[in-house]
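Notes for the structure review
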Amino acid sequence: MAEIDSNTKVVVLTGAGISAESGIRTFRDADGLWENHAIEDVATPYAWQANPELVWQFYQARRRQLLGVEPNSAHRALVDLERFLGDNFLLVTQNVDDLHGRAGSKNLIHMHGELRILRCEKCHETFDYMSNEHLTDQYVACPSCGNERLRPHIVWFHEVPLQMSEIYSAVEQCDVFITIGTSGHVYPAAGLIEVARQNGAYCIGINLDNPMNIDLHDEFLQGKAGELLPKYVKKIIN
Ligand code: NAD
Ligand code: ZN
């Protein structure tokens, strides 16, 4: 086990697996389909251009689902770890759900965007829109510039993830890098562990199945994040 005290700089990278025990399906559990849709049909800018109604309805369903799910013990364990480490802790998530934020994580980057937020492609404003009127299958217009169709604030395939320079700088400087519930297929997220290693960080993984990049971890715990992570964090804090 890694030596972690309150001066240790820790970056945690989470993926869909950490939210699985809250009832949100991961990508790859269903043969590369996301809630029965091929990725290229719902999660690319080309899909949004060619078939905006399908894409909109897909994301509205994902947004409505947030109202019926709750953070689990793995999300909460990361809040405890952040309390212990203070500013030495950064959580980078590939997840677009809001469960880390609702659990209480503060130093948090959503590198692939957030379901809660809609964005205007004309004036670039963003809106945290989760009331009932914003969750129907009707498009939502931009209140600032009148554009009739806000888009999901999601980083689709072929788009550039958010806040990458902040992420790289934290990963380059961290002492410990922890991956949780991510299959290691989606880049650039899957490559962050290489940056951490090159800079001497100790790398820990927690995942139900072996991730693609399992060999890059110094320590790997196989199992459910909701069961393993609270115990691991307790050991660190005590
Ligand atoms: P992925 O679906 O490719 O892989 C999920 C990984 O989690 C798998 O390796 C699986 O073995 C593991 N897993 C499943 N249940 C687990 C559990 N209880 N505990 C620990 N591990 C568990 O996910 P990814 O690597 O995050 O890449 C998928 C992409 O899909 C991301 O970019 C993300 O934006 C998007 N996505 C997000 C959500 C979400 O926000 N909750 C859900 C589906 C997809
Ligand atoms: Zn606008």
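The structure displayed is predicted, hence computed values, not measured ones. (Residues numbered from 1 in each chain as written. Chains lettered and ligands numbered in written order. Predicted model: local features only at pLDDT ≥ 70, side-chain atom pairs only at ≥ 80, totals over all residues. Heavy atoms only, no water.)

**Here's the deal with the overall build of the protein chain**
Under the convention used in this document: Only DSSP runs of H or I reaching four residues or more are called helices, and only runs of E reaching two or more are called strands; each is numbered from the N terminus. C-alpha atoms define the radius of gyration, and 2.2 Å times the number of residues to the power 0.38 defines the globule rule. Throughout this description, buried means an accessible area under 20% of the type-specific maximum (1.4 Å probe, protein chains only), exposed means over 50%, and partly exposed covers the range between. Contact criterion: two residues are considered in contact whenever any of their non-hydrogen atoms come within 4.5 Å of each other. Only the protein chains shown count as cover for residues, and the accessible areas themselves come from Shrake-Rupley with a 1.4 Å probe.
In terms of helices and strands, the protein chain carries 9 helices and 11 strands. Here the C-alpha radius of gyration of the protein chain, 18 Å, is about what a compact globule of 238 residues would show, namely 18 Å. Out of the 238 residues in the protein chain, the part that is buried amounts to 52%. Taking all contacts inside the protein chain whose residues are at least 6 apart in sequence as the whole, residues at least 24 apart take part in 65%. Accessible surface, the protein chain: about 11300 Å² in total, of which carbon and sulfur atoms supply 46%.

**Things to note about the coordination of the zinc ion (ligand 2)**
Quick reminder of the rule: Note that water is not among the atoms considered, so a metal site may appear incomplete; the donors listed are N, O and S atoms within 2.8 Å of the metal, with 3.2 Å applied to Na, K and Ca. A four-donor site is called tetrahedral if each angle lies between 85 and 135 degrees; a four-donor site is square planar, and a six-donor site octahedral, when trans pairs exceed 155 degrees and the remaining angles lie between 65 and 115; all other cases are labelled irregular.
Within the protein, the atoms that donate to the zinc ion (ligand 2) are Cys-120 (SG), Cys-123 (SG), Cys-142 (SG) and Cys-145 (SG), at distances of 2.3 to 2.4 Å. Taken together, the 4 donor atoms coordinating the zinc ion (ligand 2) span angles of 102 to 118 degrees at the metal, a pattern that classifies the geometry as tetrahedral. One chain supplies every donor for the zinc ion (ligand 2), spaced along it as C-x2-C-x18-C-x2-C. Separated by 19 residues along the polypeptide, Cys-123 in the loop between strand 6 (113–119) and strand 7 (126–128) and Cys-142 in the loop between strand 7 and strand 8 (151–154) bring together distant segments of the chain. You can call Cys-142 buried: its relative accessible area is 4%.

**Things to note about the sheet that holds strand 6**
Spelled out, the test is: Here, a strand pair is defined by DSSP locating no fewer than two bridges between the strands. Between N-to-C directions, angles cover 0 to 180 degrees, with each direction set by a line fitted to C-alpha atoms, over the stretch in contact for helices.
Taken in spatial order, the 3 strands line up as 7-6-8 in an open sheet, and their pairing is antiparallel. One side of each edge strand has no neighbouring strand; the edge strands of this open sheet are strand 7 and strand 8. Between one strand axis and the next, the sheet turns by 50 degrees as a mean value, whatever way the strands run. Pairing between strand 6 and strand 7: 3 bridges, direction antiparallel. In the sheet register, Arg-119 faces strand 7, and the bridge partner there is Thr-126. Strand contacts of helix 4 (residues 52–65): strand 6 and strand 8, with the helix running at about 125 degrees to strand 6, the strand carrying the most contacts.

**Re the sheet that holds strand 4 (residues 89–93)**
Taken in spatial order, the 6 strands of this open sheet run 5-4-1-9-10-11, and their pairing is parallel. The outermost strands of the open sheet, each flanked by one partner alone, are strand 5 (108–110) and strand 11 (219–222). Taken over all neighbouring pairs, the strand axes of this sheet differ in orientation by 15 degrees on average, direction set aside. Across 5 bridges, the pairing between strand 9 (residues 176–180) and strand 10 (residues 202–207) is parallel. By the bridge assignment, Thr-179 is partnered in strand 10 with Gly-205.

**Some thoughts on helix 4**
For the record, the criterion: In a helix, the anticipated span is given by 1.5 Å times the number of residues less one.
Compared with an ideal rise of 1.5 Å per residue, which puts 14 residues at 20 Å, helix 4 spans 20 Å between its outermost C-alpha atoms and is within 8% of the ideal. Within helix 4, the full set of buried residues consists of Pro-52, Val-55, Trp-56, Phe-58, Tyr-59, Gln-60, Arg-62 and Arg-63. Against strand 2 (33–34), strand 3 (37–38), helix 2 (39–42), helix 3 (45–50), strand 6 and strand 8 lie the buried residues of helix 4.

**Considering the site of ligand 1**
Which entries qualify depends on this criterion: We call a residue near a given molecule or strand whenever any one of its heavy atoms falls within 4 Å of it. Pairs of N or O atoms are called polar contacts if they sit within 3.5 Å, as long as, within protein, a hydrogen donor faces a hydrogen acceptor (for residues adjacent in sequence, only side-chain-to-side-chain pairs). Residue type decides the class: Asp, Glu, Lys and Arg count as charged, Ala, Val, Leu, Ile, Met, Phe, Trp, Tyr, Cys and Pro as nonpolar, and the leftover types, Gly among them, as polar.
Residues in close proximity to ligand 1 total 27 residues, the closest being Gln-94, His-112, Thr-182, Ser-183 and Asp-209. Glu-21 has a polar side-chain atom sitting 2.8 Å from a nitrogen atom of ligand 1. At 2.6 Å from an oxygen atom of ligand 1 is found a side-chain nitrogen or oxygen belonging to Ser-183. A total of 860 Å² of accessible area belongs to ligand 1 in isolation, and the protein chains cover 95% of it. Looking at the shell around ligand 1, the element that brings in the most residues is helix 1 (residues 17–20), giving 3 residues. By residue class, the composition of the shell around ligand 1 is 9 nonpolar, 12 polar and 6 charged.

**A closer look at the packing of helix 5 (residues 73–85) against helix 9 (residues 225–237)**
Going by this rule: When an angle is under 35 degrees it counts as roughly parallel; over 145 it counts as roughly antiparallel; between 65 and 115 it counts as roughly perpendicular; any other value is oblique. In a left-handed crossing the near helix is turned counterclockwise from the far helix by less than a right angle, and in a right-handed crossing that turn is clockwise.
Close contact between helix 5 and helix 9 brings their axes to 8 Å; oriented N to C, the two are set at 15 degrees. Comparing their axes, helix 9 and helix 5 come out roughly parallel. Relative to helix 9, the crossing made by helix 5 is left-handed. Where helix 5 approaches helix 9, its residues Ser-73, Ala-74, Ala-77, Leu-78, Asp-80, Leu-81 and Phe-84 are matched on the opposing element by Ala-225, Gly-226, Leu-229, Pro-230, Val-233, Ile-236 and Ile-237. Of the residues in the contact of helix 5 with helix 9, the class split is 11 nonpolar, 2 polar and 1 charged.

**Brief notes about the side chain of Asp-97**
Stated precisely, the cut-off is as follows: For the charge count, each Lys or Arg is scored as positive and each Asp or Glu as negative, with His and the chain ends excluded. The salt bridge criterion pairs a side-chain nitrogen of Lys or Arg with a carboxyl oxygen of Asp or Glu, the two atoms within 4 Å.
Here Asp-97 lies in the loop between strand 4 and helix 6 (99–103). Here Asp-97 is buried and forms no salt bridge, its nearest opposite-charge partner Arg-102 lying at an N-O distance of 7.3 Å. A distance of 2.7 Å separates the side chain of Asp-97 from the side chain of Ser-19, its partner in a polar contact. A distance of 3.0 Å separates the side chain of Asp-97 from the backbone nitrogen of Leu-99, its partner in a polar contact. Setting aside chain neighbours within four positions, we find Asp-97 in contact with Ser-19, Ile-24, Leu-66, His-110 and Leu-115.

Without other data, these values stay purely geometric and don't point to any function.
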